[in-house]
Amino acid sequence: MLKKIKPKNARSKRALQKREPKIEENVKKAIFIRSSSTNQIVNEALSDLCKLKKPDAINFTKKNNTIHPFDDDTSLNFFYEKNDTSLFVIGSHSKKRPNNLTFIRMFDGQILDMVEVGIENAKPLSEFKTSKCAIGIKPLFLFVGDLFENSLVYKTFKNMLLDFYHGQTVKNINLSGLEHVISVTAIDSSEQSNDPRAMPGIIYFRVYTIQYKKSGEKTPRVELEEMGPSYNFRIRRFKFANDDVYKFSTKVPKINKPKKIKNIDVNEMGDKIGRIHLGKQDLSKLQTRKMKGLKRTTDDYTEDDLEEMEDVVPSIKKQKSS
Amino acid sequence: MDFSDQLETQKSKYKSITVERPIPLQYDLALLAAFDTNALDESRLKNDTDNYLKEYTRDGTQLLINQIFKLPITTSDLGKLAELPEQITVIPREKPLPKLKPPTRWEKFAKAKGIQHRNKNKMIYDEATGEWVPRWGYKGTNGDGANDWLIPVPQNDDPFEDQFSKRREAKKERIAKNEARHRRNIEESEAALNQTKGADARSLRKGELQRQIAISKSATASIGKFDKTLKGELKLKGVKRKFEPSIGDVKKEKELNLNILKKVVGKKGDIVNVRKAIAKRGQ
C-alpha cells in the first residue's frame, strides 16, 4: 500500500479528487506491461493493443521482473495506485507458455478477473498498409459464435474486451464517427492445437476500418478494410472474481436506475400498450335494451321519489294512495 | 405519377444493405456491439480464414449499422447524432460507489427552513469610489469597512477605545468561530460515516485525543518514565494479560478451543495472507 497523500495545494487536491470514486466513472485506463521475458510478437502485440486503446492507455516499454499476476498481485496493486488504472495487459514469453498475454481488470485495487491467452498467427498493425482509424474513437464490436453465450470463460472474456475498448460512455454518438469495428469470432474447433495448456476453441481477433458506400437508401452500404492488428487467441489460464465481489462491483447507483413506469409495456411487435384503471362500473345504471314491459311503473317508485315528484305532478301520490 | 419503379431501378444500381441471418443478432447499442450466435462455416474458416472472416464481419457490421441508423437521430453542428439506448451488458465498476457526504449543520438547518442557495454577483458597486469591486478577496470591499479612514464613536461608548482595533478583534473572533464550526462539521461527518461502528462525534474525538496524549507522553528519551506527573493525572494502563481459571467451565473451554480451530482451518479461501507473509519474510 502506498502512503495516503494529503494534498498540499489546490492543484494536487483537484488531481486527487479526479481519482475519487464517482457515480459517473472516468474512462477505465489500461497499462500494457512487459514481463521478464518477451519476444517481438508479444512486444508488438502489446504496443498495437495499446494503440487501439489510446488515449486511455499507458505503454510500459521496460521489462518488469516481478510480475506474475496468477501468483502475486502486489506490483499490480502498486501500478493501480500510482497510475489510477484498473485495466492491465501483461505480455510474456516462455517455453511453457509461449506468446502469452494476460488480460486483467481490477475493482477497488483488487484483481477482479484475469484471462490468459496465447497468440497465434500474429500480424501487427504495421503490416497492414491501409488507412487507420483516428485516436480515441469508439469502436463497433461484433462478437460471433455461440461460445460467447454458452461458455463462462468466453463470456467473461467478451465482457473484458468490451470493458477494455468501449471507451467513454456516451448518450449520443456521431454517425460520422463510426470508423472501425473490432470483430471477435470464437469457434469450438475440433482441430487440435499444439498448445497443451490451452482450452479447446480458438478466438479470431480482427480489426477493420469501415467505408460507407451509397445504397440508395438512408442507411449506407458498409465495406470493410482490414486495419490490423490480427491475432488468433487460445485461452489458457483464467481466474474470476467470487460472486460477492462481482455483485458489489456491479452495483448500480440509485440515481442512475431508471424509474419503473407503471402500466405501460412494449409488446413483442414493438407496440406500446398502456393499461388504464377506470374504477368499478356502476351496473345499476346500465342501460339495457328498452322494452315496454320493463318500464318503471309508479309501483316501483319509493315514497321519497314520489315526494320529490309531487312538486311537478301533484296528483301522483294521491293516485297511488287511493 | 408512380415513382416506385424509378426508385427500384435507382436502388438496384447499388449493392444491397439487407443481410439474412437464420438467428437474429442481439445488440447492445449503448456499447455499439452486436452478438451473433449463428453457426459458422467451419471448413471455409479453416481454409480461407481471413477472407471468410472479413465477409462475415462485413455482414454483421452492416446489420449493426442498420440498427444504429434506425435510432432517433438529431442534427447538430457536429453532424448527425444518434441517441443511444440504455446499456444492457453489465460491466463492473472501477471503484465502489461513493459514500454520500452527511449534511453540515447549516445544510440541515437550511433544509428545515426551506432556505435555498442563490448565487450572488461577484462584483458589487462601491458607492464611495463609484467603482465596481469584488465582494471579497484581492482589491475587494470585504464588506467590513476595513478601508474606512474614520469611524464615529458610538454613543455611550468609551471615547478612548480604539475603534479600529475593536473591529479587527471582532473580525478575528468571527473567523475563529467559523473555523471551529468547520472543524465540528468535519468531526460530525466522520462520526456519521463511522456510525456502523457505534460512535458519536464526541466520544470519537475523546478517544482520538487520549491516543494522542498517550503517544506524546511516551515520546521522550526515557519513554516518559521520568516525566513529572500532573496532579490528578491518570496513570496510563498498558495491556493486562488475563488468564482463565485452570479449572472451570468445560463448555466455555471447548468453545474457545473450537473457535481457534475454526480460525486456522475452517476459514474460507486462503488461510495465510500471502502478500503480508512475503512482506514479513522480507524484513
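Everything numeric in this text was worked out from a predicted model, so none of it was measured.

(A) Just the overall build of chain A, in detail. Secondary structure summary: chain A contains 8 helices and 13 strands in total. When each of the 322 residues of chain A is scored for burial, the buried share is 42%. Relative to all contacts within chain A whose residues are 6 or more apart in sequence, the contacts with residues 24 or more apart total 67%.

(B) Main features of the nonpolar core. If you look at the biggest cluster of nonpolar residues, it comprises 44 residues, and the most contacted ones within it are F32(A), L101(A), F103(A), F157(A), F205(A) and F233(A). By residue number, the principal contributor to this core is helix α5 (residues 152-165) of chain A, which donates 8 residues. Counting 32 residues, the second-largest nonpolar core is a separate cluster that includes I173(A), Y27(B), Y52(B) and L84(B).

(C) Up close: the sheet that holds strand β4 (residues 79-83) of chain B. Sheet architecture is open: 3 strands sit in the order β7(A)-β4(B)-β3(B), paired in antiparallel fashion. Strands at the two margins of the open sheet, each flanked by one partner only, are β7 (172-174) of chain A together with β3 (73-76) of chain B. Within the sheet, the average angular offset between the axes of one strand and its neighbour, ignoring direction, is 35°. Across 3 bridges, the pairing between β7(A) and β4(B) is antiparallel. Bridge assignment links N172(A) to a residue of β4(B), and that residue is E83(B).

(D) Spatial organisation of the packing of aromatic side chains. If you walk through the whole model with that rule in mind, you get 19 aromatic pairs over all chains. With a centroid separation of 6.2 Å and 40° between ring planes, the pair formed by F164(A) and Y165(A) is classed as tilted. A relative accessible area of 5% places Y165(A) in the buried class. It is R237(A) that lies over the ring of F70(A); its NZ or CZ is 4.3 Å from the centre. Above the face of the Y56(B) ring, R21(B) is positioned so that its terminal group lies 4.0 Å from the ring centre.

(E) Seen up close, unusual backbone geometry. Residues and elements named next belong to chain A. Following K54, the chain continues into P55 via a peptide bond in cis, with omega recorded as 5°. Examined against the element boundaries, P55 turns out to sit in the loop between α2 (40-53) and β2 (57-63). Residue P229 is bonded to the preceding G228 through a cis peptide linkage, with omega at 0°. With a phi angle near 55°, D108 is a residue other than glycine that sits in the positive phi range.

(F) Spotlight on the side chain of T102(A). Summarising the element assignment, T102(A) is placed in strand β4 (residues 100-107). The residues touching T102(A), leaving out its near neighbours within four places in the chain, are P69(A), F70(A), F88(A), V89(A), I90(A), V115(A) and E116(A).

(G) Structural detail: the pattern of salt bridges. Taken as a whole and judged by the stated rule, the model has 22 salt bridges over all chains. A salt bridge links E188(B) to R105(B); the shortest N-O distance between them is 2.8 Å. In this pair, E188(B) is assigned in helix α5 (residues 163-193) and R105(B) in helix α4 (residues 105-113), connecting sequence segments 83 residues apart. Judged by relative accessible area, which is 25%, E188(B) ranks as partly exposed. Judged by its relative accessible area of 41%, R105(B) falls in the partly exposed class. The salt bridge partner of K166(B) is D157(B), with a shortest N-O separation of 3.2 Å. One connected set of salt bridges, linked through shared partners, spans K28(A), R105(A), D113(A) and D163(A).

(H) Molecular detail of the interface of chain B and chain A. On the side of chain A, 81 residues touch chain B, which itself brings 54 residues to the contact. Taken over both partners, the interface formed by chain B and chain A buries close to 6000 Å², and the fraction arising from carbon and sulfur atoms is 63%. Contact with chain A buries surface across chain B, with R93(B), E94(B) and K95(B) losing the most and accounting together for 13% of the total. Here D84(A) makes a salt bridge to K95(B), at a shortest N to O gap of 2.7 Å. Summed over the shared surface of chain B and chain A, the result is 27 residue pairs in polar contact (both at pLDDT 80 or more). Secondary-structure elements contributing two or more residues to the side of chain B that touches chain A are β2 (33-36), α2 (42-47), α3 (49-70) and β4 of chain B. Broken down by element, the residue count for the side of chain B that touches chain A peaks at 15 residues, all from α3(B).

What counts, and where the lines are drawn
- Residues numbered from 1 in each chain as written.
- Chains lettered and ligands numbered in written order.
- Predicted model: local features only at pLDDT ≥ 70, side-chain atom pairs only at ≥ 80, totals over all residues.
- Heavy atoms only, no water.
- Helix = DSSP H or I, 4+ residues; strand = E, 2+ residues; numbered from the N terminus.
- Buried < 20%, exposed > 50% of the residue type's maximum accessible area, 1.4 Å probe, protein only.
- Contact = heavy atoms within 4.5 Å.
- Core = buried A, V, L, I, M, F, W, Y, C linked by side-chain atoms within 4.5 Å.
- Pairing = 2+ DSSP bridges.
- Axes fitted to C-alpha atoms, helices over the stretch in contact; angles between N-to-C directions.
- Phe/Tyr/Trp six-rings, centres within 6.5 Å; stacked < 30°, edge-to-face > 60°.
- Lys NZ or Arg CZ within 6 Å of the ring centre and 35° of its normal.
- Salt bridge = Lys/Arg side-chain N within 4 Å of Asp/Glu carboxyl O.
- Buried area = accessible area lost by both parts, 1.4 Å probe.
- Polar contact = N/O pair within 3.5 Å; in protein donor to acceptor, adjacent residues only side chain to side chain.

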